[in-house]
Amino acid sequence: MGSSWNQMVVFFTTCVCLQMVEYSTSLSLNRALAEDVTGEWTRARQLALQPEELRCIDYLFQWAPSSDLRSPNITAEFLLETVQLALFARNATVWGRSVPEPVFLNDVLPYAVLSEPRGVPDWSWRSKFMSAFLPQVQSMPNASMAAEAGINTICWKLTSPAIVFKGAPNCEINSYAPATTIQQKYSSCTGLAVYVALALRSIGIPARVAGVPHWNKCNAPPGEERSCTACPHGDTCTPGDKSSDDACGNHDWAEAFIDGAWHFIDPEGSKTLDDGWFVDNTKLQTAHTSTYLNHSILASSWAPSAWLLANEPEYYRDSSAVDFFPMVWAWSDHSVQGFDVTQRYTKGFSGNH
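Quick notes on the rules
Residues numbered from 1 in each chain as written. Predicted model: local features only at pLDDT ≥ 70, side-chain atom pairs only at ≥ 80, totals over all residues. Heavy atoms only, no water. Axes fitted to C-alpha atoms, helices over the stretch in contact; angles between N-to-C directions. Helix = DSSP H or I, 4+ residues; strand = E, 2+ residues; numbered from the N terminus. Parallel < 35°, antiparallel > 145°, perpendicular 65-115°, else oblique. Contact = heavy atoms within 4.5 Å. Nonpolar A, V, L, I, M, F, W, Y, C, P; charged D, E, K, R; others polar. Buried < 20%, exposed > 50% of the residue type's maximum accessible area, 1.4 Å probe, protein only. Core = buried A, V, L, I, M, F, W, Y, C linked by side-chain atoms within 4.5 Å. Pairing = 2+ DSSP bridges. Salt bridge = Lys/Arg side-chain N within 4 Å of Asp/Glu carboxyl O.

A.B. asks: Can you help me understand the packing of helix α9 (residues 125-137) against helix α12 (residues 189-202) in this one?
C.D. replies: How two helices pack is summed up by the angle between their axes together with the distance between the axes. Packing of α9 against α12 leaves a shortest axis separation of 8 Å and a crossing angle of 70°. When the interaxial angle is binned, α9 and α12 end up roughly perpendicular. For the pair α9 and α12, the contacting residues are W125, R126, F129, M130 and F133 in the first and Y195, L198, A199, R201 and S202 in the second. Partitioning the contact of α9 with α12 into residue classes produces seven nonpolar, one polar and two charged.

Shown next as structure tokens:
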């Protein structure tokens, strides 16, 4: 971006008068002492121009996966750009200014949705997406239109030919980072969900990935697995043996926080909120029992869901806390936080109201 854009970012960042949600400084300090943290996080705090920037950097630090705190690919300059552009997007639109502070921090500010590779070429997506999409949606009157006629319509045309769905082998993934999806011009459901969620974040709409580890086509009771005609090989991904059947495979999509409620988006599918081919399938899913998440509907989060539900429950209604967001392509990776949102889907699609 040119100097004029950078000047606007600094101006709007300076003008944003946020009373950011308070967090425990001692918690962040204790984490810094316990983790092998690179100096880039400290340097980012030193480069922060405004108190709001400092608070955003500290929020990212407080809940970042441990591997991010040690990563040489996350630089101070990247962290500062992430914060400044997120604040700019928040102040640039009517809908951005209406986003509650806790939801902004957890679902607009973060630079990742799941465990996308850090450090891939051109992985700093926010500047590219904001330049491409914000001018096209900025004059739209509300976030619903910006999500439907805006992002979920125009983001696929960032390349020529347009980005399309291409299925991956069961229990695997074929494209993850946004730069890879753009380069390949295709991805499976997970890559498309990550792509559209980040595109929404770039224009100030809170977004996350939601999905199921496996569809419960065999009507297994809560906490159990089962085989049936639709899935004769079962519905689990055994490490080293991609054993589940496609009919009972995983599926991911996006969610956006619009008009005070969470709504789902079918990436590169229906252009209407809370509409998609998989709606009937969600009725078969069951809420988690203990640590069994295989047939639940989960949504990603930056901060732990238990912490958010204890501190900001009004923004995450019809959700329950789980310890992590399960990823079938990396089943042992528990670094991504998540909610169980099965209840919201099984009772209907009226958001959080």
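Don't stop here, the text continues.
A.B. asks: Which parts of the structure should I look at to understand unusual backbone geometry?
C.D. replies: Glycine aside, negative phi is the norm for most residues, and most peptide bonds take the trans geometry. The step from S160 to P161 runs through a cis peptide bond, and the omega angle for that step is 0°. With a phi angle near 60°, D274 is a residue other than glycine that sits in the positive phi range. A relative accessible area of 17% means that D274 is categorised as buried. Notably, S290 is not glycine yet its phi reads approximately 55°, a positive angle. On the secondary structure map, S290 appears in the loop between α13 (279-282) and β6 (298-301).

A.B. asks: Honestly, the environment of Q183 in this entry has me stumped. Any pointers?
C.D. replies: Relative to the helices and strands, Q183 is located in helix α11 (residues 178-184). Along the sequence, Q183 and I163 sit 20 residues apart, while their C-alpha atoms lie 9.3 Å from each other.

A.B. asks: For this particular structure, what's the right way to read the nonpolar core?
C.D. replies: If you look at the biggest cluster of nonpolar residues, it comprises 53 residues, and the most contacted ones within it are L114, F133, I203 and I205. Counting only elements with at least two residues in this core, the list comes to α6 (76-92), α9, α10 (143-154), α12, β3 (207-212) and β4 (251-258). The element that contributes the greatest number of residues to this core is α12, accounting for nine residues. Apart from the residues lying within four places of it in its own chain, the contact partners of I203 are A89, T93, W95, F133, L134, V137, A146 and I151. A44, L80, A299 and V341 belong to the second-largest nonpolar core, a separate cluster that totals 47 residues.

A.B. asks: Which parts of the structure should I look at to understand the pairing of strand β8 (residues 337-340)?
C.D. replies: As a general feature of sheets, a regular strand has side chains that alternate between the two faces. Side chains Q337 and F339 of β8 all project onto a buried face; the interleaved residues G338 and D340 project onto the opposite face, where all are buried too. Bridge analysis of β6 against β8 gives four bridges, and the strand direction is antiparallel. Its bridge partner being in β8, A299 is matched across the sheet by F339. Direction of pairing for strand β7 (residues 320-321) relative to β8: antiparallel, over a ladder of two bridges. For S320, the partnering residue across the bridge sits in β8 and is D340.

A.B. asks: What's the story with the pattern of salt bridges in this structure? I'm lost.
C.D. replies: If charged atoms from side chains of opposite charge come close, those side chains can pair. This model, assessed by the stated rule, comprises seven salt bridges. A salt bridge links E77 to R43; its shortest N-O distance comes to 2.8 Å. Placement of the pair is E77 in helix α6 and R43 in helix α3 (residues 40-47), with a sequence separation of 34 residues. Overall, R43 belongs to the partly exposed group, its relative accessible area being 29%. Note that K347 and D318 form a salt bridge whose closest N and O atoms lie 2.7 Å from each other. Of this pair, K347 sits in the segment after α15 (342-346) while D318 sits in the loop between α14 (305-311) and β7; the two residues are 29 residues apart in sequence, bridging distant segments of the chain. Among the ionic contacts, a cluster of salt bridges with common partners joins E40, R43 and E77.

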